[in-house]
Amino acid sequence: MQNELGTPEYTQSMVVLTGAGISAESGVPTYRGTEGLWRNHCPQDLATPGAFSRDPDLVWDFYKWRRELVTSCEPNLAHLTLVEMEKQFENFFIITQNVDGLHQRAGSKNVLELHGSLWKIKCTQCGDRWQDFQIPLPAGNPICPSCGSLARPDVVWFGEPLERDILEQAHALSASADWMLVVGTSASIQPANILPLIAREVGARIIEINLEPTPLSAEASLTLKGPAGEVLPSWWDRIRHG
Ligand code: BV8
Ligand code: ZN
């Protein structure tokens, strides 16, 4: 099947859309299934403005728990393969839905975080925002150093719009892609899940890597079924060595 598809040239634009599945083998729970639960809450219920205004302590406990969990996780072979690919392709970008920061920890440079990051915090009032890698965060909820107001995780919650410039960059990258790898995403979250369709519209070849079929599978030029930590490195080996 790869022959019909052709082989990516290093001069072509390679865009990679990643989801929670790429970090699963590092031990970061996905949003599906029960492993994503925390104190019997599912992320969708806590990752919302309503949950935060009702109980900021609970939501901060959830994010503090995720920060500490991710600190004990290491990037896996899938993350590391993308670092190798970035060294070869002239135009290479990762658009990630993940907030865990594992792409950057693996060494990837061109990473667009569609939904923010566990390692960024922002003020609920004055818009100030900063990075904070402290583990553990001090007791209590973080306070804005500029105005003293309550701070929140700098992530995009359900029901919140994505940052305009981030979404515009993601659209532009997808609309100029020759190839799009879609790795470890259920393709269930809008508007991230339209990016592969934008790429396909301009003739990009879509390669999906997932354990199971997704709503995107019918649109993919090629679906490689299996764990990203195995499938992505072996696909890359075949591409590199022809
Ligand atoms: C917006 C940051 C508009 C926070 C995240 C009805 C009601 C309310 C809202 C909506 C609705 N219908 C649609 C919406 C919009 C909503 C949405 O899409 N909801 C879904 C549930 C239908 N979207 C939004 O709200 C977005 N904003 O639309 O704003 C707007 C405009 C103007 C003004 C106001 C509003 C914002 C969405 C962003 C939410 N924030 N994260 C945090 O994480 O704390 S989303 C979060 O969940 C992740 O970032 C990620 O995007 C998503 C999970 O998806 P995946 O990454 O795909 O992970 P998942 O667990 O689902 O799947 C894992 C996959 O990996 C599976 O396919 C599995 O098979 C595979 N896998 C597992 N292991 C492996 C593997 N693959 C390979 N190898 C393995 N080893
Ligand atoms: Zn402030």
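Source: prediction; values computed, not measured.

Enquirer: Describe in detail the sheet that holds strand β9 (residues 222-225), supporting the description with residues and values.
Expert: Judged by pairing direction, the sheet is parallel, and its 6 strands sit side by side in the order β3-β2-β1-β7-β8-β9 without closing on themselves. Each edge of the open sheet is held by one strand with a lone partner, namely β3 (111-113) and β9. Going across the sheet, the axis of each strand differs from the next one's by a mean of 15°, ignoring polarity. Examined bridge by bridge, strand β1 (residues 13-18) and strand β7 (residues 179-183) share 5 bridges and lie parallel to one another. Residue pairing for β7: Leu-17 is matched across the bridge by Val-182. Here helix α6 (residues 77-88) sits on the sheet in contact with β1, β2 (91-96) and β7, set at roughly 150° to β2.

Enquirer: Describe the site of ligand 1, and please don't skip the residues or the numbers.
Expert: Near ligand 1 there are 33 residues, and of these Tyr-31, Tyr-63, Arg-66, Gln-97 and Asn-210 occur at the shortest range. Here an oxygen atom of ligand 1 sits 2.5 Å away from a polar atom, N or O, in the side chain of Tyr-63. Backbone polar atom of Ala-228 to a nitrogen atom of ligand 1: 2.9 Å apart, as the coordinates give it. Computed on the free molecule, ligand 1 has an accessible area of 1500 Å², of which 74% lies beneath the protein chains in the complex. Going through the elements one at a time, α2 (21-24) and α5 (56-71) are the ones with two or more residues in the shell around ligand 1. Its residues placed into classes, the shell around ligand 1 shows 15 nonpolar, 13 polar and 5 charged.

Enquirer: Give me the coordination of the zinc ion (ligand 2): which residues, what numbers.
Expert: In this structure, Cys-123 (SG), Cys-126 (SG), Cys-144 (SG) and Cys-147 (SG) serve as the protein donors to the zinc ion (ligand 2), at separations of 2.2 to 2.3 Å. Between the 4 donor atoms coordinating the zinc ion (ligand 2), the angles at the centre fall across 100 to 119°, so the site counts as tetrahedral. Donor residues for the zinc ion (ligand 2) sit on one chain with the sequence pattern C-x2-C-x17-C-x2-C.

Enquirer: Which residues make up the pattern of salt bridges, and what values go with them?
Expert: Enumeration according to the criterion identifies 11 salt bridges in this entry. A salt bridge links Glu-74 to Arg-105; the nearest nitrogen and oxygen atoms lie 3.5 Å apart. Highlighted residues: Glu-74 in the loop between α5 and α6 and Arg-105 in helix α7 (residues 102-106), separated in sequence by 31 residues. When its relative accessible area of 53% is taken as the criterion, Glu-74 is described as exposed.

What counts, and where the lines are drawn
- Residues numbered from 1 in each chain as written.
- Chains lettered and ligands numbered in written order.
- Predicted model: local features only at pLDDT ≥ 70, side-chain atom pairs only at ≥ 80, totals over all residues.
- Heavy atoms only, no water.
- Pairing = 2+ DSSP bridges.
- Helix = DSSP H or I, 4+ residues; strand = E, 2+ residues; numbered from the N terminus.
- Axes fitted to C-alpha atoms, helices over the stretch in contact; angles between N-to-C directions.
- Contact = heavy atoms within 4.5 Å.
- Near = heavy atom within 4 Å.
- Polar contact = N/O pair within 3.5 Å; in protein donor to acceptor, adjacent residues only side chain to side chain.
- Areas by Shrake-Rupley, 256 points an atom, 1.4 Å probe, with all protein chains shown as cover.
- Nonpolar A, V, L, I, M, F, W, Y, C, P; charged D, E, K, R; others polar.
- Donors = N, O, S within 2.8 Å, 3.2 Å for Na, K, Ca; no water.
- Tetrahedral: all angles 85-135°; square planar, octahedral: opposite > 155°, others 65-115°.
- Salt bridge = Lys/Arg side-chain N within 4 Å of Asp/Glu carboxyl O.
- Buried < 20%, exposed > 50% of the residue type's maximum accessible area, 1.4 Å probe, protein only.

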